[in-house]
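Analysis of the macromolecular model
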Amino acid sequence: MNELLSSPLFGITLTLIAFRSAEWLYQRTRFILFNPVAVAIISIILLLKSCDIPYADYNNGGRMILFLLGPAVVALAVPLYQRRDQILKRKLPILLGIVAGAVSSIISAAGIAWLLGGSHKVVLSLVPKSVTTPIAIGITEKIGGIVSLTAALVVLTGCLGAICGPEFCRLIGVRSKAAMGLAVGTAAHGIGTARMLGEDRFSGAIAGLAIGLNGLATTLIVPFLWLFLG
Amino acid sequence: MLQGFVLLLLFQFVGEGLSAWFDLPMPGNVIGMALLLLALICGWVKLEWLQEAADLLLRYMAMFFVPAGVGVMLYFDLISREWLPIIAGTVISTFVVMAVTGWTMKYLDQQEESKE
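Residues numbered from 1 in each chain as written. Chains lettered and ligands numbered in written order. Predicted model: local features only at pLDDT ≥ 70, side-chain atom pairs only at ≥ 80, totals over all residues. Heavy atoms only, no water.

For chain A, per-residue confidence averages 91 on the pLDDT scale, and 99% of positions sit at 70 or higher. Mean pLDDT across the secondary structure elements of chain A bottoms out at helix α10 (residues 133-143) of chain A, with 84, and peaks at helix α2 (residues 8-29) of chain A, with 95. (pLDDT = per-residue confidence, 0-100. Helix = DSSP H or I, 4+ residues; strand = E, 2+ residues; numbered from the N terminus.)

Right, let's get into the pattern of salt bridges. In this structure the tally under the stated criterion is eight salt bridges over all chains. The residue Glu199 of chain A makes a salt bridge to Arg195 of chain A at a minimum N-O spacing of 2.9 Å. Linking Glu199 of chain A with Arg195 of chain A, this pair stays in helix α12 (residues 177-199), spanning four residues, or about one helical turn. Here Arg201 of chain A and Asp55 of chain B are joined by a salt bridge, their closest N and O atoms 3.3 Å apart. Of the two residues, Arg201 of chain A is situated in helix α13 (residues 201-229) and Asp55 of chain B in helix α3 (residues 47-59); the pairing between them involves two chains. The exposure class of Arg201 of chain A is partly exposed, given its relative accessible area of 32%. Of the residues examined, Asp55 of chain B reaches a relative accessible area of 28% and is grouped as partly exposed. (Salt bridge = Lys/Arg side-chain N within 4 Å of Asp/Glu carboxyl O. Buried < 20%, exposed > 50% of the residue type's maximum accessible area, 1.4 Å probe, protein only.)

On to the domain arrangement of chain B. Domain boundaries in chain B define domain 1 (1-59) and domain 2 (69-116). If you average the C-alpha positions of domain 1 of chain B and of domain 2 of chain B, the two centres end up 28 Å apart. (Domains from an automatic or database assignment.)

It is worth spelling out the interface of chain B and chain A at this point. At the interface, 68 residues of chain B touch 93 residues of chain A. Here chain B packs against chain A, burying approximately 7300 Å² in sum over the two surfaces, 82% of which is carbon and sulfur. Considering only the surface of chain B that becomes buried against chain A, Met33, Met98 and Met105 of chain B emerge as the three largest contributors, covering 9% of it. If you look at where chain B meets chain A, you find three salt bridges. Ionic pairing is found between Glu23 of chain A and Arg59 of chain B, a salt bridge with its closest N-O pair at 3.2 Å. (Contact = heavy atoms within 4.5 Å. Buried area = accessible area lost by both parts, 1.4 Å probe.)

On inspection of all chains with the given rule, the structure shows three aromatic pairs over all chains. Taking the centre distance of 5.1 Å and the plane angle of 85° together, the rings of Phe31 of chain A and Phe34 of chain A count as edge-to-face. With a relative accessible area of 40%, Phe31 of chain A lands in the partly exposed category. Both rings, one in Phe168 of chain A and one in Phe95 of chain B, keep their centres 4.8 Å apart while their planes meet at 65°; by these two values the pair is edge-to-face. Of this pair, Phe168 of chain A sits in helix α11 (residues 147-171) while Phe95 of chain B sits in helix α6 (residues 83-115), on two different chains. Since its relative accessible area comes to 17%, Phe168 of chain A is described here as buried. Judged by relative accessible area, Phe95 of chain B falls into the partly exposed class, the value being 24%. Above the face of the Tyr81 of chain A ring, Arg84 of chain A is positioned so that its terminal group lies 4.0 Å from the ring centre. (Phe/Tyr/Trp six-rings, centres within 6.5 Å; stacked < 30°, edge-to-face > 60°. Lys NZ or Arg CZ within 6 Å of the ring centre and 35° of its normal.)

All names here are of chain A. For chain A, the assigned domains are domain 1 (2-67) and domain 2 (75-229). Spacing between the C-alpha centres of domain 1 and domain 2 amounts to 25 Å. Each partner contributes to the interface: domain 1 provides seven residues, whereas domain 2 provides eight residues. Together domain 1 and domain 2 conceal approximately 540 Å² of surface at their shared face, both sides included; 75% is due to carbon and sulfur atoms. Three residues stand out in domain 1 for area buried against domain 2, namely Ile32, Asn35 and Val37, and they jointly supply 63% of the buried area on that side. At the boundary of domain 1 and domain 2, one finds zero salt bridges. Applying the counting rule to domain 1 against domain 2 returns zero residue pairs in polar contact (both at pLDDT 80 or more). For the side of domain 1 that touches domain 2, the element with the most residues is helix α3 (residues 36-50), which contributes three residues. Looking at side-chain class alone, the side of domain 1 that touches domain 2 contains six nonpolar, one polar and no charged residues. (Polar contact = N/O pair within 3.5 Å; in protein donor to acceptor, adjacent residues only side chain to side chain. Nonpolar A, V, L, I, M, F, W, Y, C, P; charged D, E, K, R; others polar.)

Residues and elements named next belong to chain B. With respect to the helices and strands, the residue Val45 is situated in the loop between α2 (28-42) and α3. By relative accessible area, which is 8% here, Val45 ends up buried. Each C-alpha atom, one on Val45 and one on Ser19, is 22 Å from the other, the two residues being 26 residues apart in sequence. Look past the residues within four positions of Val45 in its chain and what remains in contact with it is Leu7, Phe11, Leu36, Ala39, Leu40 and Leu50.

Where helix α8 (residues 91-115) of chain A meets α6 of chain B, the closest approach of the two axes is 8 Å, and the angle between their N-to-C directions is 155°. Put simply, α8 of chain A runs roughly antiparallel to α6 of chain B. Our pair here, α8 of chain A against α6 of chain B, has a crossing hand that is right-handed. Split by residue class, the contact of α8 of chain A with α6 of chain B holds 17 nonpolar, nine polar and two charged. (Axes fitted to C-alpha atoms, helices over the stretch in contact; angles between N-to-C directions. Parallel < 35°, antiparallel > 145°, perpendicular 65-115°, else oblique. Left-handed = near helix turned anticlockwise from the far one by under 90°.)

This next bit is on the nonpolar core. Counting residues in hydrophobic clusters, the biggest one holds 111 residues, and the most contacted among them are Val37, Leu48 and Tyr58 of chain A together with Leu36, Met61, Val66 and Val70 of chain B. In contact with Val70 of chain B, not counting residues within four places along its chain, are Ile41, Ile44, Ile45, Leu48, Tyr55 and Tyr58 of chain A. (Core = buried A, V, L, I, M, F, W, Y, C linked by side-chain atoms within 4.5 Å.)

As a further point, take the confidence of the model for chain B. Confidence in the prediction for chain B averages 91 pLDDT; 99% of positions are at 70 or higher. Predicted confidence in chain B is weakest over helix α5 (residues 76-81) of chain B, with a mean pLDDT of 86, and strongest over helix α1 (residues 2-21) of chain B, with 94.

See the structure below:
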């Protein structure tokens, strides 16, 4: 039995079942808190914890699913290419929106954690929370945060943006497809982008663009801000 | 469909290679996305060669994040030790970023429209 649980078959099957069920629940209810990614993650954690199955066993299959994220990010070039004219026409608003988002992310995440008494290392770990995982980890390493904490917070941020990003945007009067995609992609990287792709392909394409550009912007801005604040 | 996957993986491979070789701060898959976009615009790669594979991957992109999310369970202790600054910082800042980015783009879009 233990051998079966640590074979990739277990992690892959569990992930597919959990995600398909979560998707079904969301399609049935259209209730925003039932975001498929968040529901699938929580149900798998609950199952592993209650059956005492180590994460490492699950991840033998999990990492194979995660592998597909690589080519999926490359595939974001397709919706970007299809809408290239609309994007090029608005390159300035897109670039400035991302830079404004990157600066506000660094300052607000670190600032709030610092004001609430977070320790130095924890505050630093929050800095790249809106950036896609591989870039975020690199930034945390450089500034001396806790890498595993950053990795967890990046996922948390992504789920939050995916759960209520578009709804929040409408609430604050941001209604254009481009601006919504940019806002959710900049704040909630790939997980937010996945939600936007489900809403509208153009929004998803812009969100995908924001993943890369926000990563680049944050990487460049952090050392610069450190000169000022440090 | 298979040739589409081959192309996507090749572009990722080149992107990962460049990222590692030049020690770039960008992950290889994001560089691969930029290179593929360039190749499509220059006409070196035709859209129909990879559309099917790309559509399939994008349709299920959300699912690919699930294993990384389950990994959060390893850090419950770490998070619970300083949960207030961590959770408040993450949650409030996520909404701040969406508002700042969304409003910036909305404002600049309106400026450009009024110019036209």
